[in-house]
Structure formats: structure tokens, C-alpha cells
Amino acid sequence: MYRWFLGGLTALSLFWVVNALLTTFMFDPADIHILIHKQLPPHFHRHLWQEVLGLHVISSSCTMLLGLVGLLRRPLPRFRRIHRANGYIYIVAVCIAALSAGYLAPQATGGEWTSFGFNVFEAVWVITTAMAYIKIRQQQRRAHVVWMLRSYSLAYFNTGIHLWFMILHRAFSIPYDVAYTSSVWLAGPTVLLLAEWVNWRFVRRTMAPDRNFH
């Protein structure tokens, strides 16, 4: 079942990464589809905002792909070295994605509550990533995997926002701004709950407990 899970996640990640990169850099490089719904301040620096958005899309896409490598179960020679190097790059990508999201958040569609939601879940992303690093440094392998899955689930935060938005706005005709703000606050708990299900299904039931693991 794990292979089916990883295969489905790989397909979703590749689709989302390709779609995000093509939309941002080819189909809509002026970001009209994003900016048209925002209430922009007079001092808005559009060029800088677009540069940061591009950085955020690239770094977030990297976290999706790097996280998939981290989920592999030793299919390659010297896998520990590959896994360690991949992990360090993942940490850097998460930090860049979170910091760039912090810059973009004040102009988020829906206003202050949306901005606050983005900041909360980006902070949780950094914290869960830091916990995963701390646990592996403490040689707590199962705890590391548990926290890493929590961190990786938040790489799909934006995916969750779009899915909830489709349900709320397109299926139930909730106004655009309200639907988007609600989607932000629903997406974070949704992906984290999915991470807990994966932890229960594939980690806690199959991996031997660490010493002093809580």
C-alpha cells in the first residue's frame, strides 16, 4: 500500500509543480489572475512582489520534490548520504518558502485574516521542520519521520487552499474573498490531519519505537 501512496503523491506533486511553474512563468507572467482580486496599497512594488512570488513558487516546488526523495525507502546505494544531503536542501527550501510567503502575506487576498493565516501555518512549517532536524540529531529516527511528515504535509498547504476554494466558491458560490480566507484556515488543519493519518498508518504501526519517544 505504501507504494500506491507514494505513487499517488508523486503524481500529484509533479502535476502541481508543473502547473505552478507554467502558470507563474509562462501562462500568466504578469500575475493578473492573482492581483486582480487584491486590494493593493499605493506604495505596492509590483516588480519586487513578482520576484518574491517567483522565488516562493520555485522554493515551494522544490520542497514538494525533495520531500518525495525523503520518503523513499533506501532504493539507492549510499542512501543515507543522499537522504542527509536532500534533507539539508529541503530545510533551506522551506526557510526560503516561508520567508517569501511572509513578504507576500500582507497583500493576501481577503485581507488581514488571510494574511494572519498564512503567517501562522508558515511558522508551523518552519517549527515542524526544525523539530524533524532536532529529532534526527538526537538519533530518534521514528520521531524524525513523524515530524518530517508533518513538515512535508505543509508543502501541500497551497494545494489544499485551492481544493477548498473550489469547493467553497465554485461549488457553494461563497463570495471570492470569504471563500479564500476560509480556505486558508481550512487547508492548514486538513494537511496536518492527513499527515497524522499517514503517521498512524505507515510510521507508528510499522517502525520500532525510539527510546524516550513521546
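Residues numbered from 1 in each chain as written. Predicted model: local features only at pLDDT ≥ 70, side-chain atom pairs only at ≥ 80, totals over all residues. Heavy atoms only, no water.

### A look at the overall build of the protein
Argument step 1. When its secondary structure is counted, the protein shows 8 helices and 0 strands.
Argument step 2. Its helices and strands in sequence order give the protein the pattern α-α-α-α-α-α-α-α, from N to C terminus.
Argument step 3. Expected size for 214 residues packed as a compact globule is a radius of gyration near 17 Å; at 18 Å, the protein falls within 12% of this value.
Argument step 4. Overall size of the protein, expressed as C-alpha extent along the three principal axes, is 55 × 35 × 30 Å.
Argument step 5. Within the protein, residue pairs in contact and separated by at least 24 positions form 72% of the contacts whose partners lie at least 6 positions apart.
Argument step 6. Put simply, the protein shows about 12,700 Å² of open surface, and 67% of that area lies on carbon and sulfur atoms.
Argument step 7. Distance between charge centres in the protein, computed from 19 positive and 8 negative side chains, equals 23 Å. (Helix = DSSP H or I, 4+ residues; strand = E, 2+ residues; numbered from the N terminus. Rg over C-alpha atoms; globule rule 2.2 N^0.38 Å. Contact = heavy atoms within 4.5 Å. Areas by Shrake-Rupley, 256 points an atom, 1.4 Å probe, with all protein chains shown as cover. Lys, Arg positive; Asp, Glu negative; His and termini not counted. Charge placed at Lys NZ, Arg CZ, Asp CG, Glu CD.)

### Thoughts on the packing of helix 6 (residues 141–153) against helix 8 (residues 176–204)
Argument step 1. Viewed as axis vectors pointing N to C, helix 6 and helix 8 meet at an angle of 150°, and their least axial separation amounts to 8 Å. As far as their axial angle goes, helix 8 and helix 6 are roughly antiparallel. The hand of the helix 6/helix 8 crossing is right-handed. In this structure, helix 6 uses Arg 142, Val 145, Val 146, Leu 149, Arg 150 and Ser 153 to contact helix 8, whose residues at the interface are Val 191, Leu 192, Ala 195, Glu 196, Val 198, Asn 199, Val 203 and Arg 204.
Argument step 2. Of the residues contributing to the contact of helix 6 with helix 8, the split by class is 8 nonpolar, 2 polar and 4 charged. (Axes fitted to C-alpha atoms, helices over the stretch in contact; angles between N-to-C directions. Parallel < 35°, antiparallel > 145°, perpendicular 65-115°, else oblique. Left-handed = near helix turned anticlockwise from the far one by under 90°. Nonpolar A, V, L, I, M, F, W, Y, C, P; charged D, E, K, R; others polar.)

### Here's the deal with the nonpolar core
Argument step 1. Leu 71, Trp 125, Tyr 152 and Tyr 156 are the most contacted members of the largest nonpolar core, which has 25 residues in total.
Argument step 2. Of all the elements in the fold, those that place two or more residues in this core are helix 1 (2–27), helix 3 (46–71), helix 4 (79–104), helix 6 and helix 8.
Argument step 3. Apart from the residues within four sequence positions on either side, Tyr 152 is in contact with Leu 9, Ser 13, Thr 63, Met 64, Gly 67, Leu 68, Leu 71 and Tyr 90.
Argument step 4. In terms of nonpolar packing, the next biggest core, distinct from the first, is built from 12 residues, Ala 108, Phe 118, Phe 157 and Phe 165 among them. (Core = buried A, V, L, I, M, F, W, Y, C linked by side-chain atoms within 4.5 Å. Buried < 20%, exposed > 50% of the residue type's maximum accessible area, 1.4 Å probe, protein only.)

### Concerning a positive patch on the surface
Argument step 1. Positive charge collects at one region of the surface, where Arg 80, Arg 81, Arg 84 and Arg 141 lie side by side.
Argument step 2. Looking at the positive patch, the element that brings in the most residues is helix 4, giving 3 residues.
Argument step 3. By the element assignment, Arg 80 lies in helix 4. (Patch = residues over 30% accessible without salt bridge, like charges linked within 9 Å, V, L, I, M, F, W, Y side chains within 5 Å. Salt bridge = Lys/Arg side-chain N within 4 Å of Asp/Glu carboxyl O.)

Nothing here speaks to function; it is geometry throughout.
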